[in-house]
Every structure is written in C-alpha cells, then in structure tokens.
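# An overview of the molecular structure
Letter by letter, the chains look like this.
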Amino acid sequence: MIRRPPRSTHCISSAASDVYKRQYQRRVHGFREHFKCAWLQSPPALQYVGEGDNPVPCIHVRDLARFVKKIIEVKPENRYIFAADRAPDTCSKSLIEGISKGMGSGELEFNEPLNKVPMFTLIQTNYNEVRTEQANWTTILQAYVNVRPSSLVVRENEEGKDEDAEFEWHCKEGLVGDVKKVAQEYCDVNNLKPIKIYINGPPLSGKTVISKELAKKYNIIHVTLKDVISLLRNLPETDWLKEEVDEFMQEHPDENFPALILCEGYKRVLRHNACAYRGYVLDGFPRCYSEAKGLFYSNPRKPKKKPEAKKENGEEEEGEEQQEEQQVQEEQEGEEEEEEKKKVKFEADIYPHSFIMLNSSNEFLREKYEGLAQKPPAEKFQEELDTYNMLNMIETCSLEENGLTVWNFFQERKDEIITKDIRSDTDHVELLESFRLYIERKGRPYNFLDPEENLLYEREQSLIRKEQTQHEKEFQRTAETEKQEQQRRSDQHKKNKERWPAIEKHVKEVKEAQQISARYFVICE
C-alpha cells in the first residue's frame, strides 16, 4: 500500500478580494461603478460613505495569485493567512479619492451611510444576490477591517520595525498608490480607448460646428482657445508658469499670448484626466508648423529663479556672488556638454490619432462672410467675426513664414489625414458619417457608446427621413407646378372670355360680308 504524504491546508483570507480583484468584470459590483463614473466624469464627484475613516484593505488579483504560489513554495506554519497589500492608507475615503484624482475630476461627495453591517455578515453575504449596485458598494465601503499583512510579505527586523520580505508585487502601494496602473488595466479590459481628433481649416469653414458634434457624438472634450486662455489666467500662485503669464500680460496687455505659452497651456489641458482617458477634439490649434512642433515635442524650460534678498554684510554678499557665478559657469559648461546628448522628446501621450482637414474656396467663404455681415451678428458668430478679418486670413490662416503648413508637420510623421471640401451643397449627414468611418478605421472602442447596430439603425432612419423629405419637396414642387399651370389656364380662360364678345362681333361681321353679292359690292364701289 502506497502511503501519500500528509496534506497541508491553508486558509487565505483575501482583503476585499471579491471587490478589488474582480473590479474589471462588468457583472461584479464594488469599485467598478467608481471607475466607470471617474472615466465618464458623470457625475463629476465620486461618492464615499460616512466619514470614510474606516480601513478597507485591498489586494490585486495578481498579487493574490502570487500569494497562493508563495504559500505552496514556502508552506508556512501558520495555516490562517490574511492577504493584503502594503498600502500605507486604506481608509475608504482615501480609496475613492485616489480613484477620483487618478482617473476622474478629483472631486468627492458625501453619501449618507446605510445601517452598519457587522463583518461576519459581510463574509456571509452573497454579492450576486444584492439587488442594487449602490447597496453593494456602500455596504463594502462601510466595512471596518484593521489587520496586519501576513508575515509572507512583512517581517520584523532586529529593531522591531516592519520591513518588506521577498515578494514580487504587482501593486505594492495598493489601489491609491498604483491607481494609474489599475486604471489602465480597467481601460484595457473594458476596451476603453481615448479618441483624439485634430481638426483645422479656414475661418467659417465649419470646423467649430463639426468639432462640437464630434465631441458630443463620442463624449469627449472640445478643446478651444478659450479653454486654454481661461486656464492660463487662473493658474495657482505656486505654478512656475504663472510668473511668465503675469509678466507678459503686464508688458503686453493688448496682445495675444505667444506660441510658447499657448503650447504649454494646451499641454496641460490635454493632460487632464478627461482628455487623457476619454479623448478630445482639438479645434484649430496648432495653426502652423512651429506651433505643432512646440506642442507635440517637449520644450524643457526651467522656471525663472527669484533673486535672493540682499544681506547686510557686504563681504558675505561678494563671497556669495562669486560662488553663484562659479556655480553658473559650472552649470553652463555641464549643459553644453550634455546638450548634444539630449534629444527633444516626442509627446506621444497628447498626440492625436485622427486628423481632419477642411478646405473651402475663397468665393464660398467670401459669400458666407458677406451673408453673415449683412445680418445682425448672432452670439455663435460674434467671436468669429471679431477675431478674423476674413479676406486677409483665408490665404494665411495656416502658413508659416517659410511656407510650411501645419499639415506638413503631420505628413512628415506619415499620419493618415482625411481632407474634405466644404461647399454650399455639402451634405452634413454624409460628411459626419465619413468622419465617423475614418475615426473608427481601426475599430470602434466600447467607451460606453451606443452599439454599432444602433448607429446603423439611426443611419437607416436618417436616410428614410431624408428620402421622405425629398419626396415631400418633390411633391410640393409638383403640386406648386400644377397649381401654377392651373392658374395660367384660369387666367388664359378669363382672357379668352373677355375677348369672346369681340370675337363674336368679328365673326358676325365676316358672315354678313360674305352674304353680300359681288355685283352689289362692285356697284357700291
């Protein structure tokens, strides 16, 4: 009889494992709703329950799997093991705040707590039987679990302090510390991809209208010059860029911001979580080759150092000045040596994926401008009418001094550009459909958008409505033609009726004349 070695059984209690490790699956509740709301930023503020000071330890599913592997290899004496990460802060409010700052708007909102549920009830609860999502995640965030991580990952040193054991972590700092990594995994599993679009064209070509419709269609951010200027004028006092902005506004109060400052402002807007995770429509900027290069390539600039206050002792000041001059010389020499080694870095994280170029003839733009100028300026055209001198900007709106356009920049990078001519007879629906096919040329991301079947159905309905409209117009045109023909016949009948007495009189005279004999006619003559 073969004797088998005795089996060893270990009980692993996973920290919020049913929430954290399966947060990406759509059927499981937990942090999924918070990640979804953070990605959509709808609502902009994420909710936390109660005061939010209760500890809720977490662990990533990969780290939990490594925990099991470690137990199999080491076979610890302790049969009951608690698996949790090494996050320094596990308060429920901190978890939600980390998700909001790492993926959302950074705002939080208080939520009234439900009746407090004991821990043993949470363990016995079957989450699939919970009826509402809110009840599920609020119940989880009310748990109070204050435990020490297992000795497999934490051990005491000679001084009695905790130190890390040999363990290969995937998310050692927990949900808050590695929120960017977790957020990217959430996006990858759910097929959430940012849709980044750049659109440009001459003034009044319709690029702003198209940008707004594309932003609404894909639920992405419409980035305009107004947004960037608003950001530059409301920078915090601690920001190094604020000093340059204030200095320029004081020296040139009536001039526009230079391209260097605008590019820095656009970079900050495009790096917001909403643009980084959902995407954006970049409306009309960059306008030329140099602006495109300044926006999509790093421009390392050091903030200006404020002059230090002078000291009373003159000798100390001279010594400090000499030291500062030496330091400046050394820094300059070091920079000159490393300048050749340094290369400009391409900003791939803010670079668009789709490029739309609108073209229009000068005659069409001139007619459109003249038509708008004759009407009372509406609000939606006021800015465009005030900003551009139409006839002067048509030829130079996207040209550099050396003749390079912004499209030369994208062509040098071998990007696929779609070009459309805008005319008075351009079908707006077909234009947007062509842009949709181009933007989704590599597949349609999930992004919580309407499924493609709904889009096809809406397009069919749109074509049906368009056909019905054409039939109605044709019917009206035919009815109008028939009405005009009837009116013409009626008018002709009236004229004929008015002329009929004269015709009868003439016919009567002709008949009387025919009855007179030729002999009598000759005699009378």
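Our subject is the structure that appears above.
Residues numbered from 1 in each chain as written. Predicted model: local features only at pLDDT ≥ 70, side-chain atom pairs only at ≥ 80, totals over all residues. Heavy atoms only, no water.

## Re the nonpolar core
Leu-214, Leu-232, Leu-282, Phe-296, Ile-356 and Phe-410 are the most contacted members of the largest nonpolar core, which totals 53 residues. For this core, the element with the most residues is helix H12 (residues 259-270), which contributes six residues. (Core = buried A, V, L, I, M, F, W, Y, C linked by side-chain atoms within 4.5 Å. Buried < 20%, exposed > 50% of the residue type's maximum accessible area, 1.4 Å probe, protein only. Helix = DSSP H or I, 4+ residues; strand = E, 2+ residues; numbered from the N terminus.)

## Quick notes on a nonpolar patch on the surface
A surface patch of nonpolar side chains, amounting to about 260 Å² of accessible area, comprises Trp-500, Ile-503 and Val-507. Tracing the backbone shows Trp-500 in helix H21 (residues 452-515). Residue Trp-500 is classed as partly exposed on the basis of its relative accessible area of 47%. (Patch = residues over 30% accessible without salt bridge, like charges linked within 9 Å, V, L, I, M, F, W, Y side chains within 5 Å. Areas by Shrake-Rupley, 256 points an atom, 1.4 Å probe, with all protein chains shown as cover. Salt bridge = Lys/Arg side-chain N within 4 Å of Asp/Glu carboxyl O.)

## Some words on the environment of Gln-47
Position of Gln-47 relative to the elements: it lies in strand S2 (residues 45-49). Residues Gln-47 and Cys-37, ten residues apart in the sequence, show an inter-C-alpha distance of 9.8 Å.

## Concerning the packing of aromatic side chains
Tallying each qualifying case throughout the model produces 22 aromatic pairs. Here the aromatic rings of Phe-35 and Tyr-186 are separated by 5.3 Å at their centres, their planes lie at 25 degrees, and the arrangement is stacked. Of this pair, Phe-35 sits in helix H2 (residues 32-40) while Tyr-186 sits in helix H8 (residues 179-189), and the two are 151 residues apart along the sequence. Overall, the relative accessible area of 0% leaves Phe-35 in the buried class. An aromatic cluster is defined as three or more aromatic residues linked by ring pairs; in this entry it consists of Tyr-198, Tyr-289, Phe-296, Tyr-297, Phe-346, Tyr-351, Phe-355, Trp-407, Phe-409 and Phe-410. The ring of Phe-346 is capped by Arg-413, whose NZ or CZ atom sits 3.8 Å from the centre of that ring. Looking at Arg-413, its charged tip hangs above the ring of Tyr-351, at a distance of 5.0 Å from the centre. (Phe/Tyr/Trp six-rings, centres within 6.5 Å; stacked < 30°, edge-to-face > 60°. Lys NZ or Arg CZ within 6 Å of the ring centre and 35° of its normal.)

## A few points about the pattern of salt bridges
Using the criterion set out here, one finds 16 salt bridges in the structure. Residue Asp-427 is joined to Lys-466 by a salt bridge in which the shortest nitrogen-to-oxygen separation is 2.2 Å. In this pair, Asp-427 is assigned in the loop between strand S11 (417-421) and helix H20 (428-439) and Lys-466 in helix H21, connecting sequence segments 39 residues apart. Residue Lys-466 is classed as partly exposed on the basis of its relative accessible area, which comes to 35%. Put simply, Glu-433, Arg-436, Glu-440 and Arg-444 are held in one network by salt bridges that share partners.

## Some remarks on the packing of H2 against H8
Contact geometry of H2 with H8 gives a least axis separation of 11 Å together with a crossing angle of 90 degrees. By the criterion of interaxial angle, the relationship of H2 to H8 is roughly perpendicular. Contact residues: Arg-32, Phe-35, Lys-36 and Trp-39 in H2; Val-182, Ala-183, Tyr-186 and Cys-187 in H8. For the contact of H2 with H8, the residue count by class is six nonpolar, no polar and two charged. (Axes fitted to C-alpha atoms, helices over the stretch in contact; angles between N-to-C directions. Parallel < 35°, antiparallel > 145°, perpendicular 65-115°, else oblique. Contact = heavy atoms within 4.5 Å. Nonpolar A, V, L, I, M, F, W, Y, C, P; charged D, E, K, R; others polar.)

## What to know about the sheet that holds strand S10 (residues 354-359)
In spatial order, the strands read S8-S9-S7-S10-S11; together these five strands make up an open sheet with parallel pairing. This sheet does not close on itself; its edge strands, each paired only once, are strand S8 (221-223) and S11. Across the sheet, the axes of successive neighbouring strands diverge by a mean angle of 20 degrees, strand direction being ignored. Pairing analysis gives five bridges linking S10 to S11, with the strands arranged parallel. Bridge assignment links Met-357 to a residue of S11, and that residue is Thr-419. (Pairing = 2+ DSSP bridges.)

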